[in-house]
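An overview of the molecular structure
One-letter residues, chain by chain:
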Amino acid sequence: MRRKEIQQLSTQLNVLLVDKMNSRVEGAYINQKKLQSHTRQLQYNAATMQRQTDDWLKLLDGFNTALKEVGDVVNWAKSLENEMTKISHTLAYAYKEEAESESALSGQ
């Protein structure tokens, strides 16, 4: 009888230990599944952020290109303005010289 009681107690102890171990394994499995889910979500978010960052960089590059083109147009306009000013001054000087030479000739 004593032997049967020891076997029953041993069996109960084994069942309790296995149940406890199973509950820990189950908890670890649930946590692993949660981690996998969070990892997939994080990877998706990172890929989305990468695409958005790439789009922003393309926009910024386009903006920089447009800004350079505007700068080129401004420089071209300033160069053209300087050339026109030089031509205007040269023509004014030539007209003044011509007027003075005509005046000198008519004064003789």
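Scope of this entry: the structure provided in the associated data block. Every value quoted in this text rests on a predicted model; they were computed, and no experiment measured them.

What about the overall build of the protein?
Looking only at helices and strands, one finds one helix and zero strands in the protein. In terms of C-alpha radius of gyration, the protein reaches 46 Å, well past the compact-globule figure of 13 Å for 108 residues. Its C-alpha atoms give the protein principal-axis dimensions of roughly 160 × 15 × 5 Å. When the accessible surface of the protein is totalled, it reaches about 10400 Å², and 60% of it is carbon and sulfur. Between the centroid of the 14 positive side chains of the protein and the centroid of its 14 negative side chains there is a distance of 35 Å.

Section: the pattern of salt bridges
Tallied over the full model, the rule gives one salt bridge. Residue E83 is joined to K86 by a salt bridge in which the shortest nitrogen-to-oxygen separation is 4.0 Å. With E83 and K86 both in helix α1 (residues 2-107) and three residues apart, this pair spans about one turn of that helix. A relative accessible area of 44% places E83 in the partly exposed class. Accessibility expressed as a relative area gives 51% for K86, which makes it exposed.

Structural notes on the environment of E100
Within the fold, E100 resides in helix α1. Along the sequence, E100 and V73 sit 27 residues apart, while their C-alpha atoms lie 40 Å from each other.

Digging into a nonpolar patch on the surface
A surface patch of nonpolar side chains, about 650 Å² in accessible area, is lined by V73, W76, L80, M84, I87 and L91. Note on placement: V73 falls in helix α1.

Scoring rules and cut-offs
- Residues numbered from 1 in each chain as written.
- Predicted model: local features only at pLDDT ≥ 70, side-chain atom pairs only at ≥ 80, totals over all residues.
- Heavy atoms only, no water.
- Helix = DSSP H or I, 4+ residues; strand = E, 2+ residues; numbered from the N terminus.
- Rg over C-alpha atoms; globule rule 2.2 N^0.38 Å.
- Areas by Shrake-Rupley, 256 points an atom, 1.4 Å probe, with all protein chains shown as cover.
- Lys, Arg positive; Asp, Glu negative; His and termini not counted.
- Charge placed at Lys NZ, Arg CZ, Asp CG, Glu CD.
- Salt bridge = Lys/Arg side-chain N within 4 Å of Asp/Glu carboxyl O.
- Buried < 20%, exposed > 50% of the residue type's maximum accessible area, 1.4 Å probe, protein only.
- Patch = residues over 30% accessible without salt bridge, like charges linked within 9 Å, V, L, I, M, F, W, Y side chains within 5 Å.

None of this, on its own, says anything about what the molecule does.
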